[in-house]
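Remarks on the overall topology
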Amino acid sequence: MFKNYLKTAWRNIKTHKAYAGINIAGLAIGIAASLLIFVVIHYETSYDRFESNKDNICRVVATYLNPVTHEVTERRAGVAPYLANTIQNDIPKIKKTAMVWYVGGAQIHIPVPGKDLADEKRVKADNGIFFTEPGLFSIFSYDWLAGDSKRLTEPNTCVLSESFANTFFGDWKKSMGQTLQMWSFRVPMQVVGVFKDLPANTDLEVKMAGSYETFRKINTGMFEQKDWSISPWPSECFVLLPDDTKPEAYHTQLQEIVKKYYPPDVKGNQKISLSLQALSDMHLNEDFGTFKGDALTHKELWSLALIGFFLLLVACVNFINLATAQSVNRAKEIGVRKVLGSSRSQILRQFLNETAVITVISVLLGFLISQLALPFIGRLMGKSLSLNLIQNPAVALFLLILAIVVNFLAGFYPGLVLSGFRPIEAIKSKISTRSIGGLSLRRGLVVFQFLIAQLLIIGTIVVLQQMQYFRTQPMGFDKNAIALIDLPSDSLDQQQYPYLRERMLKIPGVEAASFAMDAPASFGSNNNNIYFNDNPVKKDFLINLQFADTGYLNTFHIGLLSGRVPYASDTVREIMVNHTLVKRLGLTDEQIIGKNVSFDGTVKYPVVGVMHDFNSKSLKEAVSPLAVTTFSRAYGLLALRINPERMSKALNEVQRVFTHQYPTYIYDLSFLDERIAHFYTSEAMASTLFKIAAFFAIFISCLGLYGLVSFMAAQKTKEVGIRKVLGASVPSIVFLFSKEFMVLIGIAFLIAAPMGYYLMHQWLSGFYYHMELSWIVFAIAIVASGIIAWITVGYKAIKAAVANPVKSLRSE
């Protein structure tokens, strides 16, 4: 029986190749989109699931509260760098603790024995470098190739990942016992262990771990003072709990630690509360973040899931539309089957089997499309994605479930329609598209298809316009043609900074130069308490403190509203503030000049100037209170304003001058506008995904529309012939075919417009600075939908309209 079903199914597919092709193409694209999105979501939710202790690993996180209202003001994963030992001593039930201090990137020097510094190997490691305690390697799972973490109790020791060891020494097997040097002040680190590279889906991607004792040696004063009030810290604390215990069980004990060690108020009169965050909650929790910072938000994951679901649904709608419309052509077949004794359930099974054949072909084709598209999606999202069915059985299970769901969604209703034909009416050809009761449903499904397509068009336009807004909106400074060069931080190298700037300013094309801790807009922030005008009480807000020399405003074209720029100095002597800080203090730009500001409540500095406001972070956030002052030890980069017309020659000379002055330091140059573009990586990704989804939604919808018009043209062949004989023009016949679909697209727009407005208004509200939603967005959506649909319908309609009526009426 099953073999007979398959033969009949294959025969019907071969007989109706065009309709089968449209259905297979639509379903394949829908399945491919769903599969790719599933792979992304599955990858995002799989972070650190490979850890053997995953159920017992937690991170200590800090929540800051308003002391009066007790409302949460901020959440941070960074905690004091001496917290791990405190927890181990005060809460002995906790099995293991480990501090992790994030370095990020660093310049690594690998000396060559017997040769001078010019011959050494230098590598700029961009991320993955930490200082940590040996306990981390007991909390997390590491596969050691050589050595272990035991000697990390000693200063000036480190362990490397296999890839880092290969990069530094050519072969990890040669790395054990070797010494490398970190930073320009060359902290020696002996390699005492090498471990296999961690999977990419981890939030703690350690590539090099230096001993925490080394970090203590470098920062002796900080560990002797143990100032618990400082925040934020770039250090995190991980703990390993005993089996069968929950993080909530340690809440009271953590608050006892807060009472015992922390001052009554931290970070601008705020209270602090410590808690444990489960490892499984780390990656997707937007409140605390991670060192890696590559997680998609819950909103983005839901958006992806909805896009995948709707694309699949649009493809199934295509199948239902075409199958119910085409059912008229199979009426006699069904009638004969019923007369010969077939039951309704047998006919339903027959059609579900036919659908299953198309679904299987579509799944295979969709899987092939996914394989081809996966590298592009992986690059777009910066993820190591895989469709390997053996290594990732969840993908195979998803494909199986997807095939069953698609087969049911696409095949059940048309099967019910076919199996419900009355045999006498079917044999006498009294079945029509109107008599099967599917006309209203098909219209509704066409409306649904174009509703989804128009929502995606609206979303694409809004995201593109918002990205354009980010690119063109003034940030309060000039970001164009600004080159940023990382500086060596050794004290001897710092003494040469003035000479370096002097040489740079002599280069033709270099118009201005400035040393600074960071560029005006950056990912990092240096938040500090503020005491104003001899008041011993902190203000109830934090300020962003930037260190820069006297050329800062001129280099970045930041205007001065009042007063002057601080005088040149290597230390903090005078302060320049922005207009937002002045407003927060309730003063005017003139009134604040000469007033005193303190960051620790003791040492006071006079305010000598007020700057124009500029965005010290991205345009997603409001301008924050800001102070700028001189402090040469904190400078981390040299900013150069270069004439665009002389850019190429100037950059060559800049590199020559820098490498001549610092021959053992890696020349690392970037541009400010490129750094700012990284603020909007997730929005750029959303823009690309929306464009792809909108294209496929329209493509699938138009496939179905083309199929329906083709069927309509075949059904109305004689009607069109009669109309032409009676004098109907080609435009009137084209209008006959297209009017209904244009009305349906209009109805879809009336539903999509308010939905699109609400959804995109909610999305835009996540940005402090954003475009205003304009009627033009919705006009483009309806016009684009109409034009695309008319082109789809028009080809078939014109072909039917210009056909010779003699041929269509010959049999009458």
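What this report covers is the structure whose coordinates are included nearby. From a predicted model like this one, the values you see are computed outputs, not experimental measurements. (Residues numbered from 1 in each chain as written. Predicted model: local features only at pLDDT ≥ 70, side-chain atom pairs only at ≥ 80, totals over all residues. Heavy atoms only, no water.)

A word on the overall build of the protein chain
Each helix and strand in the protein chain was counted, giving 26 helices and 23 strands. A total of about 36,900 Å² of accessible surface is found on the protein chain, and carbon and sulfur atoms cover 58% of it. (Helix = DSSP H or I, 4+ residues; strand = E, 2+ residues; numbered from the N terminus. Areas by Shrake-Rupley, 256 points an atom, 1.4 Å probe, with all protein chains shown as cover.)

Considerations on the nonpolar core
Core analysis: the biggest nonpolar cluster contains 101 residues, and Val462, Phe477 and Tyr552 have the highest contact counts within it. Per-element accounting of this core gives the leading share, 13 residues, to helix α2 (residues 17-44). Tyr552 has contacts with Ser514, Ala516, Asp518, Ala519, Pro520, Gln546, Ile558, Phe614 and Val628, leaving out every residue within four places of it along the chain. Counting residues in each nonpolar core, the second largest holds 53 residues, with Val123, Ile129, Leu180 and Phe215 among its members. (Core = buried A, V, L, I, M, F, W, Y, C linked by side-chain atoms within 4.5 Å. Buried < 20%, exposed > 50% of the residue type's maximum accessible area, 1.4 Å probe, protein only. Contact = heavy atoms within 4.5 Å.)

Comments concerning helix α3 (residues 83-90)
For α3, every residue scored as buried is listed here: Leu83, Ala84, Thr86 and Ile87. Taken down its axis, α3 places every buried residue within 160 degrees of arc, on the same side. Packed against the buried residues of α3 are β1 (57-65), β3 (96-110), β10 (235-240), α8 (251-261) and β11 (271-278). (Arc of directions from axis to C-beta.)

A word on the environment of Gln496
Relative to the helices and strands, Gln496 resides in the loop between α16 (491-494) and α17 (497-505). For Gln496, a relative accessible area of 29% translates into the label partly exposed. C-alpha of Gln496 to C-alpha of Gln661: the two residues are 165 residues apart in sequence and 8.4 Å apart in space. Aside from chain neighbours lying at most four places away, what touches Gln496 is Gln661 and Tyr662.

Side note on the pairing of β1
Most of β1 sits out of view: nine of its nine residues are buried. Going residue by residue along β1, you find Ile57, Arg59, Val61, Thr63 and Leu65 tucked away on one face and Cys58, Val60, Ala62 and Tyr64 tucked away on the opposite face as well. The sheet contact formed by β1 and β10 spans four bridges and is antiparallel. Paired with Cys58 across the bridge in β10 is Val239. In this structure, β1 lies alongside β11, joined through eight bridges in antiparallel fashion. (Pairing = 2+ DSSP bridges.)

Quick notes on the packing of aromatic side chains
Applying the stated criterion to the full structure yields 41 aromatic pairs. Arranged with centres 6.0 Å apart and planes meeting at 90 degrees, the rings of Phe477 and Phe614 form a pair that is edge-to-face. Note that Phe477 is positioned in the loop between α15 (439-472) and β12 (482-486) and Phe614 in the loop between β20 (604-611) and β21 (626-629), a separation of 137 residues in sequence. The exposure class assigned to Phe477 is buried, which follows from its relative accessible area of 9%. (Phe/Tyr/Trp six-rings, centres within 6.5 Å; stacked < 30°, edge-to-face > 60°.)

Digging into the side chain of Thr86
Mapped onto the elements of the fold, Thr86 is located in helix α3. For Thr86, the residues in contact, after removing those within four places along its chain, are Trp228, Ile257 and Tyr261.

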